[in-house]
Amino acid sequence: MLLPIVMLLLCLIGGGAVLFYLKTSKPGSKTPLNLSEQTAQQFVNVQDIRDYFLYTQDGWLLCYLRVFPISLDLLNSSEKKLLINKLTAELSSIRFPFKFLSVSRPVDISPLISELVTATPTADSKQKELLRQEIAEMNTLALSGEVVERQFHLILWQQQENGEG
């Protein structure tokens, strides 16, 4: 019966100490700007963007490179081994930090649908039916969002030197 009373007293004393600290501390002394007072540029910490380079306000230079994928299904086993060895050698020589980012994005298949709609008119009823079914299938894929492509990006960064920017 004594333990719950002691715990309650400790919680009350701790809560009182936190309340006293919050009341006596100066408001805004720790944070330079309230979030509602910040501009968008201050919030995202971006100074400038030129080509593939992003310059931050705190002195960092970031580079975003898009890496286009290759289909390994098109290579035979010896070509795959050669590619693996080449990539391993290239990546093992990197002695600085980097990030590899993979993003799934929906593919715009509206040009394909419009091409199917404007396909050469035919008198063959089977061909018309096949075109109608293909257009319906493409519309279903477009609305479901199942058609995605993977985009790969390599992100590099370093501290800016005084003459840059």
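Let me begin by describing the structure that accompanies this report. (Residues numbered from 1 in each chain as written. Predicted model: local features only at pLDDT ≥ 70, side-chain atom pairs only at ≥ 80, totals over all residues. Heavy atoms only, no water.)

**What about a nonpolar patch on the surface?**
- Residues Met1, Ile5, Leu8, Leu9 and Leu12 make up a contiguous nonpolar surface patch of roughly 590 Å² in combined accessible area.
- Among the secondary structure elements, Met1 is positioned in the segment before helix 1 (2–24). (Patch = residues over 30% accessible without salt bridge, like charges linked within 9 Å, V, L, I, M, F, W, Y side chains within 5 Å. Areas by Shrake-Rupley, 256 points an atom, 1.4 Å probe, with all protein chains shown as cover. Salt bridge = Lys/Arg side-chain N within 4 Å of Asp/Glu carboxyl O. Helix = DSSP H or I, 4+ residues; strand = E, 2+ residues; numbered from the N terminus.)

**Digging into the pairing of strand 3 (residues 60–67)**
- Taken together, the three bridges between strand 2 (residues 53–56) and strand 3 define a ladder with antiparallel strand orientation. Note on strand 3: the bridge partner recorded for Leu54 is Leu62.
- Linking two consecutive strands that pair antiparallel, namely strand 2 and strand 3, is a turn of three residues; a positive phi of about 90° is found at Gly59 within it. (Pairing = 2+ DSSP bridges.)

**With respect to the sheet that holds strand 4 (residues 98–106)**
- The strand order 1-2-3-5-4 describes an open sheet built from five strands, whose pairing is antiparallel. Unpaired on one side and paired on the other, strand 1 (46–50) and strand 4 mark the two borders of the sheet. Taken over all neighbouring pairs, the strand axes of this sheet differ in orientation by 25° on average, direction set aside.
- As judged from the eight bridges shared by strand 3 and strand 5 (residues 148–159), these two strands associate in the antiparallel manner. The residue bridging Tyr64 from the neighbouring strand is Ile155, located in strand 5. (Axes fitted to C-alpha atoms, helices over the stretch in contact; angles between N-to-C directions.)

Coordinates in, geometry out; function isn't part of it.
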